[in-house]
Amino acid sequence: MTYLSSLFSSSLFPDALAQSDIQTVKYRNLTLDLGNGVSTNAQLSYPAIGKGPFPGVLLIHGSGANDMNETGGLILIDNKTGSKIYPEKQTFFQLAEYLSERGFAVLKYDKRGVEPNFTTVNNIWGNVTFNDLKQDAEKALSVLLEQSEVNASKKATLIGHSEGTMIAPRVAVDNSDKVKNIVLMGPVANTLPELLYFQIVKNPLDYTEKVLDKNDSGILTISEISNDQIFENLVGGNLTHLLLYHTNGMDYLNKSSTVKSHPNNTTISKNTISIENNLKPALIAAYNNVTFPTDSALISKCLDVHYGYFEWNSGLEGCPKWMRSHSDLQSTLSIIGNISSDIGVLILQGENDTATPLEQGLQLQQRLMEVNHPDHLLITYPDLGHSLSPSSNWISQSGPLTEYVLKDIFEWLSSRSG
């Protein structure tokens, strides 16, 4: 079943609502020992009012070099005071605050190897694999349930966003004695390579054909495409750069290398391109270059790896070893049916999500229906994107979680936390 409004009236929970005139949330900083000499920072937030222990919630990040607030490496350090400066848009900070004000103990943690000021510890972040991230989430889950403020007898809820929606179901399957619910925000049903094909190839092509190619000729000028900011965003930067340089089979070059690629597209001199014969092959080549790391890339430092026409966010999105680790994974769709019937599943999907499109959530719901899972719900939101904030239908803008999404999460969890 899909629905668009809140499950319950907030008046049913008058004692849980935050009060602005007094402290509503307490915090305790923790250090998670992730094994093999690796540790990371974490924080437990819980109600300042009311008698615990409280139901526990663990937040599991999306892809990229995310800190505990899921700010994607955007935390800065004030050079004078040494204090941390956070951006306004912090998905997990917002979620942790909202739930902790209303009766939940929430644990969030920095990804291994992630530090402030857009920095990473190369020998840790550069070697991260998907299995490392899953094991880190399992470690964090165990630590959460060890805290005196948390009601371990009630198990815990896992809330995953994006790549975290690939981790949470696997943790739930392997730790059913510790998990009560999972919430999947911006869910991934397919494998990462399948999803990246949509992001890197299909979505830009769809935009080009449906929006830019107004006369259905299949031919566009370089200038009319390059002047379109949405298209430039969809292809990761400069169109001319994409078309001029080889990406398919291009080895991952060290940034200090003097080796140059050679032009492979003679039509550029005519200032026109064919969508089918020029743009599509270039996008597929870029997809292959990102998705299938070479052996030389796997032994290079993450920030030295060059991905052809774009830098994959300077290594902050992910490193070659992380990408390679995804190649052998089963899809989330293939394993979600193994979740225990005792575990509730909430799927939250923005209808304008261009990172994990609507079909991803629908596929997961369909699979849960096929296995007769007794407690699952899909909520779709018109006009919201991957961060479950207002977004266009071609590019998912990042932004704070919409208030009614937070309310839906809280009320769904409240009905299952007794």
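Described in the following lines is the structure provided in the data block. Just so it is clear, the structure is predicted and the values come from calculations on it, not from any experiment.

The geometry of an aromatic ring pair is captured by the separation of the ring centres together with the interplanar angle, meaning the angle of the planes. Evaluated as defined, the whole model comprises six aromatic pairs. Arranged with centres 6.0 Å apart and planes meeting at 90°, the rings of Y287 and F292 form a pair that is edge-to-face. Given a relative accessible area of 9%, Y287 falls into the buried group. By relative accessible area, F292 is classed as partly exposed at 47%. The interplanar angle of 35° and the centroid separation of 5.9 Å between the aromatic rings of Y381 and Y404 together place this pair among those described as tilted. Pair noted here: Y381 is in strand β15 (residues 376-381) and Y404 is in helix α14 (residues 403-414), with a separation of 23 residues, a long-range link. An aromatic cluster is present here, built from Y98, F104 and F410 joined pairwise through their rings.

On to the pattern of salt bridges, then. One pass over the structure, following the stated rule, counts twelve salt bridges. For D375, the salt bridge identified is with R416, shortest N-O distance 2.9 Å. Here D375 is found in the loop between α13 (358-370) and β15, whereas its partner R416 is found in the segment after α14, with 41 residues between them in sequence. Among the charged side chains, a network of salt bridges with common partners joins K134, E138 and D174.

In the segment running from G52 into P53, the intervening peptide bond is cis, with an omega of 0°. Tracing the chain through its elements places P53 in the loop between β3 (38-47) and β4 (56-60). Located in the positive-phi region is D216, a residue other than glycine, with phi close to 55°. Along the chain, the position of D216 falls in the loop between α5 (192-212) and β12 (219-221). Assessed through its relative accessible area of 64%, D216 is described here as exposed.

Glancing now at the side chain of Q360. Structurally, the position occupied by Q360 is in helix α13. A relative accessible area of 4% means that Q360 is categorised as buried. If we skip the residues at most four places from it in the chain, Q360 touches P187, V188, A189, N190, L195 and Q349.

Attention now goes to the packing of α5 against helix α9 (residues 275-291). Relative to each other, α5 and α9 sit at 160°, their axes nearing to 10 Å. If you check the angle between α5 and α9, you find them roughly antiparallel. Crossing hand, α5 versus α9: right-handed. Touching P193, E194, L196, Y197, I200, V201, P204, L205, T208 and E209 of α5 are I275, L279, K280, L283, I284, A286, Y287, V290 and T291, all from α9.

With that settled, the discussion passes to α13. Helix length check: α13, at 13 residues, gives a terminal C-alpha distance of 19 Å against a target of 18 Å (1.5 Å per residue), a fit within 8%. All buried positions along α13 are accounted for by Q360, G361, L364, Q365 and L368. End-on view of α13: buried residues confined to an arc of 130°, all on one side of the axis. Taken from the residues just after α13, N372 is the one with a positive phi, measuring 60°.

Before going further, it helps to examine the nonpolar core. Ranked by internal contacts, the top residues of the largest apolar core, which has 78 residues, are L58, L158 and I182. Setting aside chain neighbours within four positions, we find I182 in contact with L158, A168, P169, A172, I339, I343, G344, V345, L346 and W412. The next biggest cluster of nonpolar side chains, apart from the first, holds 26 residues, and it includes L59, L95, M185 and F410.

Taken as a whole, α9 has its buried residues at I275, N278, L279, A282, L283, A285, A286, Y287, N289, V290 and T291. For α9, the capping residue at the N-terminal end is S274, with a side-chain oxygen 3.4 Å from the backbone nitrogen of E276.

This paragraph deals with the environment of N123. Within the secondary structure, N123 sits in helix α2 (residues 122-125). Separated by 179 residues in sequence, N123 and C302 have C-alpha atoms that sit 8.8 Å apart.

On the secondary structure map, S45 appears in strand β3. Classification of S45 as buried rests on a relative accessible area of 1%. As a C-alpha pair, S45 and G56 span eleven residues in sequence and 9.9 Å in three-dimensional space. Discounting chain neighbours no more than four positions away, the residues touching S45 are V25, K26, Y27, A96, S100, F104, A105 and V106. A polar atom in the side chain of S45 sits 2.7 Å from the side chain of S100.

This part is about the pairing of strand β7 (residues 105-109). Of all five residues in β7, five are buried; the element is thus mostly enclosed. Strand direction decides the pairing type here: β3 and β7, joined by four bridges, are antiparallel. Bridging from a neighbouring strand, Q43 pairs with K108 of β7. Sheet topology places β4 next to β7; three bridges connect them, and they run parallel. Its bridge partner being in β7, L58 is matched across the sheet by L107.

Parameters at a glance
- Residues numbered from 1 in each chain as written.
- Predicted model: local features only at pLDDT ≥ 70, side-chain atom pairs only at ≥ 80, totals over all residues.
- Heavy atoms only, no water.
- Phe/Tyr/Trp six-rings, centres within 6.5 Å; stacked < 30°, edge-to-face > 60°.
- Buried < 20%, exposed > 50% of the residue type's maximum accessible area, 1.4 Å probe, protein only.
- Helix = DSSP H or I, 4+ residues; strand = E, 2+ residues; numbered from the N terminus.
- Salt bridge = Lys/Arg side-chain N within 4 Å of Asp/Glu carboxyl O.
- Contact = heavy atoms within 4.5 Å.
- Axes fitted to C-alpha atoms, helices over the stretch in contact; angles between N-to-C directions.
- Parallel < 35°, antiparallel > 145°, perpendicular 65-115°, else oblique.
- Left-handed = near helix turned anticlockwise from the far one by under 90°.
- Expected span 1.5 Å × (residues − 1).
- Arc of directions from axis to C-beta.
- Core = buried A, V, L, I, M, F, W, Y, C linked by side-chain atoms within 4.5 Å.
- Polar contact = N/O pair within 3.5 Å; in protein donor to acceptor, adjacent residues only side chain to side chain.
- Pairing = 2+ DSSP bridges.

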